[in-house]
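# Coordinate inspection notes
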Amino acid sequence: MALGTPTPQPRFQRHSFRQSIVQYTLVLLWRNMLWINAIVGLLLLAERLFLFHIATWIFFVTGGFSLLIAIPQTFAPRLIRSRFGDEITRIILQDLLESVDPEIRRKINLRCNVMVRDGSTLKMRAAYPEKTDPMGTIEWTTDQGCCGLAVRRQEPVVLNLIEFRGRPYESLLDPEDELPKWGITRDQWEHTRDLGSIVSIPIFSIGPSSAIIGVLNFDATGSKEEWLECEPYTKEQFLKRTMIVRRVLGLILMVQTNMNAL
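This report concerns the structure included in the present document. (Residues numbered from 1 in each chain as written. Predicted model: local features only at pLDDT ≥ 70, side-chain atom pairs only at ≥ 80, totals over all residues. Heavy atoms only, no water.)

## What about helix H5 (residues 145-153)?
In an α-helix, one full turn covers 3.6 residues, which means residues spaced three or four apart are oriented alike. Taken across its 9 residues, H5 has 7 buried, putting it largely inside the fold. Within the sequence span of H5, burial applies to Gly145, Cys146, Cys147, Gly148, Leu149, Ala150 and Val151. Elements in contact with the buried residues of H5: strand S1 (111-118), strand S2 (121-128), strand S3 (140-141), strand S4 (157-160), strand S5 (197-204) and strand S6 (212-220). Of the residues trailing H5, glutamine 154 is marked for its positive phi of about 60 degrees. (Buried < 20%, exposed > 50% of the residue type's maximum accessible area, 1.4 Å probe, protein only. Helix = DSSP H or I, 4+ residues; strand = E, 2+ residues; numbered from the N terminus. Contact = heavy atoms within 4.5 Å.)

## Some points on unusual backbone geometry
The omega angle of the peptide bond from tyrosine 128 to proline 129 is 0 degrees, so this bond is cis rather than trans. Along the chain, proline 129 falls in the loop between S2 and S3. Unusually for a residue other than glycine, asparagine 109 sits at a positive phi of about 55 degrees. Mapped onto the fold, asparagine 109 is located in the loop between helix H4 (102-108) and S1.

## A closer look at the pattern of salt bridges
The full count for this structure, using the stated rule, is 5 salt bridges. The closest approach of N and O atoms between arginine 111 and aspartate 219, which form a salt bridge, is 3.1 Å. In this pair, arginine 111 is assigned in strand S1 and aspartate 219 in strand S6, connecting sequence segments 108 residues apart. For arginine 111, a relative accessible area of 8% gives the class buried. (Salt bridge = Lys/Arg side-chain N within 4 Å of Asp/Glu carboxyl O.)

## Observations concerning the sheet that holds S1
With antiparallel pairing, 6 strands are arranged side by side in an open sheet as S3-S2-S1-S6-S5-S4. Every interior strand has two partners, whereas the edge strands, S3 and S4, have only one. Pairing geometry for S2 and S3, over 2 bridges, is antiparallel. Following the sheet pairing, leucine 122 is matched in S3 by tryptophan 140. (Pairing = 2+ DSSP bridges.)

## Here we look at the side chain of glutamine 144
Locating glutamine 144 in the fold gives a position in the loop between S3 and H5. Apart from residues no more than four positions distant in its own chain, glutamine 144 is found in contact with Glu139, Leu149, Arg152, Trp182, Gly183, Thr185 and Gln188.

## Quick word on the pairing of S6
Every regular strand shows the same layout, with side chains that alternate between the two sheet faces. Within S6, 9 of the 9 residues are buried, which leaves the element mostly enclosed by the surrounding structure. Relative to S6, S1 is paired through 6 bridges, and the arrangement is antiparallel. Each bridged residue has a counterpart across the sheet, and for methionine 115 the counterpart in S6 is valine 215. With 8 bridges joining them, S5 and S6 adopt antiparallel strand pairing. Counted as the bridge partner of serine 197 is alanine 220 from S6.

## Things to note about the packing of aromatic side chains
Considering all chains together, one arrives at 3 aromatic pairs under this definition. Each ring, one from phenylalanine 164 and one from tryptophan 182, has its centre 5.7 Å from the other, and the planes form 90 degrees; the classification is edge-to-face. Note that phenylalanine 164 is positioned in the loop between S4 and helix H6 (186-192) and tryptophan 182 in the loop between S4 and H6, a separation of 18 residues in sequence. Taking the relative accessible area as the measure of exposure, phenylalanine 164 reaches 7% and is therefore buried. For the ring pair tryptophan 227 and phenylalanine 238, a centre distance of 5.5 Å and an interplane angle of 90 degrees mean the geometry is edge-to-face. (Phe/Tyr/Trp six-rings, centres within 6.5 Å; stacked < 30°, edge-to-face > 60°.)

## Things to note about the nonpolar core
Core analysis: the biggest nonpolar cluster contains 26 residues, and Leu216, Phe218 and Trp227 have the highest contact counts within it. Going through the elements one at a time, helix H3 (56-97), H4, S1, S5, S6 and helix H7 (234-261) are the ones with two or more residues in this core. Ranked by the residues each element gives to this core, the list is headed by H7, at 6 residues. Setting aside anything within four residues of it in sequence, one finds leucine 216 in contact with Leu93, Leu96, Asn113, Val114, Val199, Ser200, Ile201, Ile203, Thr242 and Leu249. Core analysis: the next-biggest nonpolar cluster, separate from the first, contains 14 residues, Met115, Ile138, Val151 and Tyr169 among them. (Core = buried A, V, L, I, M, F, W, Y, C linked by side-chain atoms within 4.5 Å.)

## A look at the pairing of S1
Along S1, 6 of the 8 residues are buried, which leaves the element largely enclosed by surrounding structure. One ladder, built from 7 bridges, connects S1 with S2; its direction is antiparallel. The residue of S2 that forms the bridge with arginine 117 is leucine 122. Where S1 hands over to S2, the hairpin turn is made up of 2 residues, of which glycine 119 adopts a positive phi near 70 degrees.

## Let's talk about a negative patch on the surface
Together, Asp174, Glu176, Asp177 and Glu178 give the surface a local cluster of negative charge. You can see glutamate 176 is positioned in the loop between S4 and H6. (Patch = residues over 30% accessible without salt bridge, like charges linked within 9 Å, V, L, I, M, F, W, Y side chains within 5 Å. Areas by Shrake-Rupley, 256 points an atom, 1.4 Å probe, with all protein chains shown as cover. Lys, Arg positive; Asp, Glu negative; His and termini not counted. Charge placed at Lys NZ, Arg CZ, Asp CG, Glu CD.)

Given below as C-alpha cells:
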C-alpha cells in the first residue's frame, strides 16, 4: 500500500459504529419519551389559545409514536424480570445436577425441573438440561403423580418406577376398580413411561404463613439405587442440599408470582 493511501476501515467497525448510534438513539428516546406527551399538550394548548392551524397529522404522528414507546415501557420490564427469574432457576438446577457424578448422570439421563402451583394445577416453569415436556402440553394436578403426592404429603417423595418402566398403561390399572396408580392419565404415562425413578420435593413460600407454591422434581431412566443410593449417605446428602436450595426457589417463585399479579 502506497504512502498516503487512506486505510480502509474494517466493515465490522463501521457496522459496530452504526449499531451503537442506533442503540444510543433508542435509549435516548426511551428515557425521554415523557417529553412527547408534554409536546402534544403544548400543541393542543397553542391550538386552543392562539387558534393555530396545526396539521392533524402532527397529532397522529406524535400520539402514535408515544403509544409505540409506552407499550414496551409498560410490559417489557415485567417480561425481562420474569425471564431473569427463570434463568436463575435454571442455573440453580444445573448446580444441583452437577453434584451427581457425571458418568451416573449420563447413564441414567438424570434431569430436574421446577413446577409452579396454580390452585390444584402444577405446570413446569424451568428445567435442566431439557424440559420433560418441551411444548408445555402436559399438566399435572395435586392428585396426580409423584409431584402431586409431594404436595399432599407436604414432604419429599421418592418413587421407584423401575418395575413399570416401558410397560403399557394397562399395567398401572388396579384389577378391582381399574383406577391407575398415582392417578395419572394415559397421556401422562405415555409421556413418562421411560422413567425408572422420580424424586419430588415441595417448595414452600417464605413468610409467616407458608404454603406450597411449587415442586422441585428429579427424574431418571434408572432406578433410585443407581444414583440416589449408589454410595453411602448419598440420599441424605442430596436431600439435605435440596432442602436448602428449595428456599431460594421458593423466594424466586414468590417474586415471579407477585410480578405477574401486578
